[in-house]
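Per-entry structural report
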Amino acid sequence: MRIFVVGAGGAGAYFAARWAEAGRDVTLLARGRQLEAIQRGGVTLRTPDGDTAVPVRVTAEAADAASADIVLFATKTWQLAGAVAPVAPHLRPEAVVLGVHNGVDAADELAAACGRARALGGTLRIISYVESPGVIRHVGIPPTITIGELGGGRTPRVERVREALHVGPKAAVDVSDDIQLEIWKKFLFFAPVSGMGAVTQVPIGVFRANPDSRAMLVAAMREVEAVGRSRGIPFAPDAVDQALAFIDRSPPDGTTSLSRDVGEGRPSEIAALSGAVARMGRAAGIATPAHDFIAAVIAPREGRARAAMA
């Protein structure tokens, strides 16, 4: 199956390289210095397992998605609308679209733009980022994409996609019978960890070890749990404990994309993370003081970053 990856950041370029390395037919959509670097020397992966350079077919043309069987969107959430618009008109009727965005709304946004019949839900676990043009640093967490039908259940289509994308532990793909639950399970730890990293500007290992910041982290997780349950998400009774255990196993020097973007003055995904928790909490009548605080602290920086882009 032909794979087209939209977004050449820490996730998109990493998985495109692993698929190319495994002999999959993959094309990566990139722009600017990232495009030029990959054209010259492929994607260089720097990982805990060692470094490697992988030739990857790269393009700047959205129209090249026309021959794809699977289109993976791996942009930031705030970039999704702009990324989908030039690609969607070129999609084949039978093409499958899949997003691996942070937050809980991106799958529905992607389905609305590309047609719900084309869309699968997806979520991603990896800590990786662009170290320099063409170079992706994988810090830790086994790279795993989980996919599923938006309406739940398991279909031959989703199994075919999994077979096409799964290439072993360096780029694993799992199937979930309840992808919405999987998306929210990630949100349960990712939104709080991202928010705490953004406001403290220290790695995961530092704020999880400090008693005061750890208490705020857990409070933020409880808020996500309450909001999710109000929307019918069937979290396990010990969902927060499981998520906290995952955080405690994460590399201590790990940082999230939100933390890095805020720290470096770039536009961030705060609206899709703590901002979304606060918004959904207000709609449900659920207090979310931790996420309200995080969103308020980040708001001035976000405004400056977006003004600088204008």
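Our structure is the block above this text.
The notes below deal with the structure included here.

1. Quick notes on the pattern of salt bridges
Evaluated as defined, the whole model comprises 20 salt bridges. For the salt bridge of arginine 18 with glutamate 21, the shortest nitrogen-to-oxygen distance reads 2.9 Å. Residue arginine 18 and its partner glutamate 21 are both found in helix α1 (residues 12–21); the two are separated by 3 residues, about one turn of the helix. Overall, arginine 18 belongs to the buried group, its relative accessible area being 4%. Since its relative accessible area comes to 40%, glutamate 21 is described here as partly exposed. A salt bridge links glutamate 302 to arginine 306; the nearest nitrogen and oxygen atoms lie 2.8 Å apart. Placement of the pair is glutamate 302 and arginine 306 together in helix α12 (residues 289–309), with a separation of 4 residues, close to one helical turn.

2. Digging into the nonpolar core
The tendency in soluble globular proteins is for nonpolar side chains to be buried as a group. Counting residues in each nonpolar core, the largest one holds 39 residues, and the members touching the most others are Trp19, Leu28 and Ile147. Ignoring sequence-local partners within four residues, the contact set of tryptophan 19 consists of Ile3, Val5, Arg24, Val26, Leu72, Ile145, Leu165, Val167 and Ala171. The next biggest cluster of nonpolar side chains, apart from the first, holds 38 residues, and it includes Ile179, Val224, Leu258 and Met280.

3. Let's talk about the environment of valine 56
As for its position among the elements, valine 56 is in the loop between β4 (50–54) and β5 (57–59). Along the chain, valine 56 and alanine 287 lie 231 residues apart, while their C-alpha atoms are 47 Å from each other. Setting aside chain neighbours within four positions, we find valine 56 in contact with Ala16, Ala17, Ala20, Leu28, Ile38, Gly42 and Val43.

4. Side note on the packing of aromatic side chains
Counted according to the given criterion, the structure contains 5 aromatic pairs. Ring geometry for tryptophan 184 against phenylalanine 235: centres 6.5 Å apart, planes inclined by 75°, an arrangement best described as edge-to-face. A residue pair is termed long-range when its members are at least 10 positions apart, and tryptophan 184 in helix α6 (residues 179–200) and phenylalanine 235 in the loop between α8 (211–230) and α9 (239–249) qualify at 51 residues. The same class applies to tryptophan 184 and to phenylalanine 235, which are both buried. Summarising the aromatic geometry, the rings of phenylalanine 189 and phenylalanine 246 are spaced 4.8 Å apart at their centres and angled 50° between planes, so their arrangement reads as tilted. Placement of phenylalanine 189 in helix α6 and of phenylalanine 246 in helix α9 is noted, with a sequence separation of 57 residues between them. The exposure class assigned to phenylalanine 189 is buried, which follows from its relative accessible area of 8%. Here the aromatic cluster, defined as three or more aromatic residues joined through ring pairs, consists of Tyr14, Phe15 and Trp19.

Definitions and cut-offs
Residues numbered from 1 in each chain as written. Predicted model: local features only at pLDDT ≥ 70, side-chain atom pairs only at ≥ 80, totals over all residues. Heavy atoms only, no water. Salt bridge = Lys/Arg side-chain N within 4 Å of Asp/Glu carboxyl O. Helix = DSSP H or I, 4+ residues; strand = E, 2+ residues; numbered from the N terminus. Buried < 20%, exposed > 50% of the residue type's maximum accessible area, 1.4 Å probe, protein only. Core = buried A, V, L, I, M, F, W, Y, C linked by side-chain atoms within 4.5 Å. Contact = heavy atoms within 4.5 Å. Phe/Tyr/Trp six-rings, centres within 6.5 Å; stacked < 30°, edge-to-face > 60°.

Interpretation in functional terms is not warranted from these geometric data alone.
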